[in-house]
Amino acid sequence: MTTQTTDIPAPESPFSARPDYVARCIGYGTGAITIATGISLGYWHEGFLIAMAFFLVFPHFTEIIDKRLHWTRRTALTWLSHLDAFIAGTLLGMVGSPIEFTAPVFLMLNTSLILIGNKVSWVTANSVFLLTAVTGGTLLGTKSPTDLPPELTLACAAGTALFFSALAVYASNQARYIAKMDEQLRKEVDRYQELSQQVSKYVAPQVRESILSGKKEAILETQRKKLVVFFSDIVGFSSLSDQMDAEPLTDLLNGYLTDMSNIALKYGGTIDKFIGDGIMIFFGDPVSKGIKRDALACVAMAIEMRRHMLKLRKKWAEHGLSSPLQIRMGINTGYCTVGNFGTDSRMDYTIVGREVNLASRLESGADAGEILISRETYALIKDKIICRERGTIMAKGFRDPIPVFQVMDYRRDLGANPSYVNHETEGFSLYMESDRIKETERAKVAEALERAAAKLKRGAVTSRGAQPATRKPAAPKQEASKS
């Protein structure tokens, strides 16, 4: 998979040279100045000029060699710190390792080692420093540390102060540099998260999570899996689209798709696509709870969609929509090919196969408000859902008649004490889920139902009492016969 990324422009670095090179120049420069001061005072003989020249050249020499060898930074810092420890320990041993020199050099060396952040290097470099200091004092020692001139102590102290001042400046600049980088990276992360949220709306949440977690890759790959496939559409929507303006029609359709999508996600369905007012959903990939539970979840989703449609119809009627829109649904279970189809640059995560086509044919063969399922799906859910045989249908692309079943409702809802009641006729609509009514509202609902029942009874009595009036015209006919 090839991805294109936008380079993040980095803030300007506070130093063009590497900090270890700058620190080495200051440290060895301090040594060179101290040696020059000792020679000018006659404390050291002119043979120390060789050491002074070495201290002035060595940092630049190591920088050139480092660039030519192309070491990793950790390797270069480790080996150079060991070499620094060897050189510093040897020179200190030669001059008797006075505390005025040893303490500052030890501090500078260990500060550099701490910045490297390697415990093994720290132990090794300090061991080399102590060993060479003792060995250098034994084999090459030329002075006793008791007669050290104060000018040498001052020169070494000044160089040490310069070293730590430069380190403080570098640390301050580096902190500001890191703060700028952090702010810039945070902005980029926020931007990419926002873009990711925008792009993720074009794929199902389950597919997005599978890709982000690394369980799936965006490559052209498919597999065979047993899935539960669902199709639905709105009956009469095409004719409605010819009657309504584009804007209210769009609002109606988007509201419908939003509500149905929320129901699908609630039951764990993977929304494949929207086809106008049609919806294609499947269960069993990328996450499956077992084919039986997947089938139950799909049918439960369909039942809730059918119930929710009653609420939407009432809402649409309040906004002036006279057409009583209903949905029809089809569900089938079987082996499908699922995965990424398309090209390397544009792919679609979807399902194909004979079982997908059958689910679509079941939806087309369903009546308004009906949920048709195949025999395979019925076998999985019949112990929880009441269904009735619907006979067979002839489906396009299938040679033999297809046995189908109509989903009625949950067994608990159609038992002796149903919690779900729905009845519609001209001038009357009742939709009730008694188990979802709050205890504080039950009395008000019961009172409203009693008032409605009383009005129906009074209307029935009135219509019965008005019936004799319709027979009055028959009297003149009887009088005429008598005459």
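Quick caveat, the model's predicted, so the values are computed rather than measured. (Residues numbered from 1 in each chain as written. Predicted model: local features only at pLDDT ≥ 70, side-chain atom pairs only at ≥ 80, totals over all residues. Heavy atoms only, no water.)

Chemist: I'd like a rundown of the overall build of the protein, residues and numbers included.
Modeler: What the protein contains, in helices and strands, is 14 helices and 10 strands. In the protein, which comprises 483 residues, the proportion classed as buried is 37%. Long-range pairs, those at least 24 residues apart, make up 71% of the contacts in the protein between residues at least 6 apart in sequence. As displayed, the protein offers around 29,100 Å² of accessible surface, 58% of which is attributable to carbon and sulfur atoms. (Helix = DSSP H or I, 4+ residues; strand = E, 2+ residues; numbered from the N terminus. Buried < 20%, exposed > 50% of the residue type's maximum accessible area, 1.4 Å probe, protein only. Contact = heavy atoms within 4.5 Å. Areas by Shrake-Rupley, 256 points an atom, 1.4 Å probe, with all protein chains shown as cover.)

Chemist: Can you lay out the side chain of glutamate 363 for me, pointing to particular residues and giving the numbers?
Modeler: Following the sequence through the fold, glutamate 363 ends up in helix α11 (residues 354-365). A residue is classified by how much of its surface remains accessible, and glutamate 363, at 7% relative accessible area, is buried. In this structure the side chain of glutamate 363 is engaged in a polar contact, spanning 3.2 Å, whose partner is the side chain of arginine 328. Apart from residues no more than four positions distant in its own chain, glutamate 363 is found in contact with Phe231, Ser232, Asp233, Arg328, Met329 and Gly330. (Polar contact = N/O pair within 3.5 Å; in protein donor to acceptor, adjacent residues only side chain to side chain.)

Chemist: Quick one: what's the story with the environment of glycine 93, residue by residue and with numbers?
Modeler: Here glycine 93 shows up in helix α3 (residues 73-94). For glycine 93, a relative accessible area of 1% corresponds to the buried category. Each C-alpha atom, one on glycine 93 and one on leucine 130, is 9.3 Å from the other, the two residues being 37 residues apart in sequence.

Chemist: Let's hear about the layout of surface pockets: which residues, and what values?
Modeler: Unoccupied space between atoms shows up once a probe the size of one water molecule is rolled over them. Roughly 910 Å³ of internal volume is contained in the second largest pocket. Considering the residues around the second largest pocket, the lining is formed by 38 residues, among which Ala23, Arg24, Met108, Ser112 and Phe163 are closest to the centre. Elements with a minimum of two residues in the lining of the second largest pocket: α1 (19-40), α3, α4 (99-116) and α6 (150-200). The element that contributes the greatest number of residues to the lining of the second largest pocket is α1, accounting for 12 residues. The residue inventory of the lining of the second largest pocket, partitioned by class, reads 26 nonpolar, 8 polar and 4 charged. (1 Å grid on protein atoms, 1.4 Å probe; cavity = no way out; pocket = protein on both sides within 12 Å on 5 of 7 lines; lining within 4 Å. Points joined across faces, edges and corners; volume = space filled by probe spheres on them. Nonpolar A, V, L, I, M, F, W, Y, C, P; charged D, E, K, R; others polar.)

Chemist: Break down helix α2 (residues 49-69) for me, citing the residues and quoting the values.
Modeler: The end-to-end C-alpha distance of α2, which contains 21 residues, comes to 30 Å, matching closely the 30 Å that a straight helix rising 1.5 Å per residue would cover. Bending of α2 peaks at approximately 35° at the position of valine 57, with proline proline 59 no more than four residues after it. Residues Ala51, Met52, Phe55, Phe58, Pro59, Thr62, Glu63 and Asp66 constitute the buried set of α2. Immediately downstream of α2, the backbone of histidine 70 shows phi near 55°, a positive value. (Expected span 1.5 Å × (residues − 1). Bend = angle between axes of the 7 residues up to and from the residue.)

Chemist: Go over the pairing of strand β1 (residues 222-235) with me, naming the residues and quoting the values.
Modeler: Pairing between β1 and strand β4 (residues 326-342): 14 bridges, direction antiparallel. Note on β4: the bridge partner recorded for valine 228 is threonine 333. As paired strands, β1 and strand β3 (residues 278-283) are joined by 5 bridges and run antiparallel to one another. Residue valine 229 lies in a different strand from β3, and its bridge partner there is phenylalanine 282. (Pairing = 2+ DSSP bridges.)

Chemist: Which residues make up the packing of aromatic side chains, and what values do they have?
Modeler: The final tally for this structure, using the stated rule, is 10 aromatic pairs. Aromatic pair phenylalanine 163 and phenylalanine 164: ring centres 5.2 Å apart, planes at 85°, arrangement edge-to-face. Phenylalanine 163 gets classed as buried once you look at its relative accessible area, which sits at 5%. (Phe/Tyr/Trp six-rings, centres within 6.5 Å; stacked < 30°, edge-to-face > 60°.)

Chemist: Describe the nonpolar core, naming the residues involved and giving the relevant values.
Modeler: Grouped together as the largest cluster of nonpolar side chains are 43 residues, with contacts concentrated most on Phe230, Tyr256, Met260, Ile281, Met301, Met305 and Ile331. Here the element with the most residues in this core is helix α10 (residues 291-318); it accounts for 12 residues. Beyond its immediate sequence surroundings of up to four residues, methionine 301 is in contact with Phe230, Ile263, Ala264, Tyr267, Ile281 and Phe283. Tyr28, Ile35, Leu91 and Leu109 belong to the second-largest nonpolar core, a separate cluster that totals 26 residues. (Core = buried A, V, L, I, M, F, W, Y, C linked by side-chain atoms within 4.5 Å.)

Chemist: Which residues make up the environment of serine 323, and what are the values?
Modeler: Tracing the chain through its elements places serine 323 in the loop between α10 and β4. With relative accessibility at 27%, the residue serine 323 sits in the partly exposed group. Separated by 10 residues in the primary sequence, serine 323 and arginine 313 have C-alpha atoms spaced 8.8 Å apart. Among residues more than four places away in sequence, those in contact with serine 323 are Leu240 and Gln243.

Chemist: Could you give me a rundown of a nonpolar patch on the surface, with the residues and numbers involved?
Modeler: A cluster of nonpolar side chains, contributed by Leu56, Val57, Phe61, Ile65, Leu69, Trp71 and Trp79, occupies part of the molecular surface with about 710 Å² of accessible area. Sort the elements by how many residues they give to the nonpolar patch and α2 lands first, with 5 residues. Here phenylalanine 61 is to be found in helix α2. (Patch = residues over 30% accessible without salt bridge, like charges linked within 9 Å, V, L, I, M, F, W, Y side chains within 5 Å. Salt bridge = Lys/Arg side-chain N within 4 Å of Asp/Glu carboxyl O.)

Chemist: Got a sec to walk through the environment of arginine 306? Specific residues and values, please.
Modeler: With respect to the secondary-structure elements, arginine 306 resides in helix α10. Exposure remark for arginine 306: the relative accessible area of 17% places this residue in the buried category. When the C-alpha atoms of arginine 306 and methionine 329 are compared, they prove to be 8.9 Å apart, with 23 residues separating the residues in sequence. Those residues within four positions of arginine 306 in sequence are excluded, and the remaining contacts are Ile327, Met329, Gly369, Ile371, Val407 and Met408.

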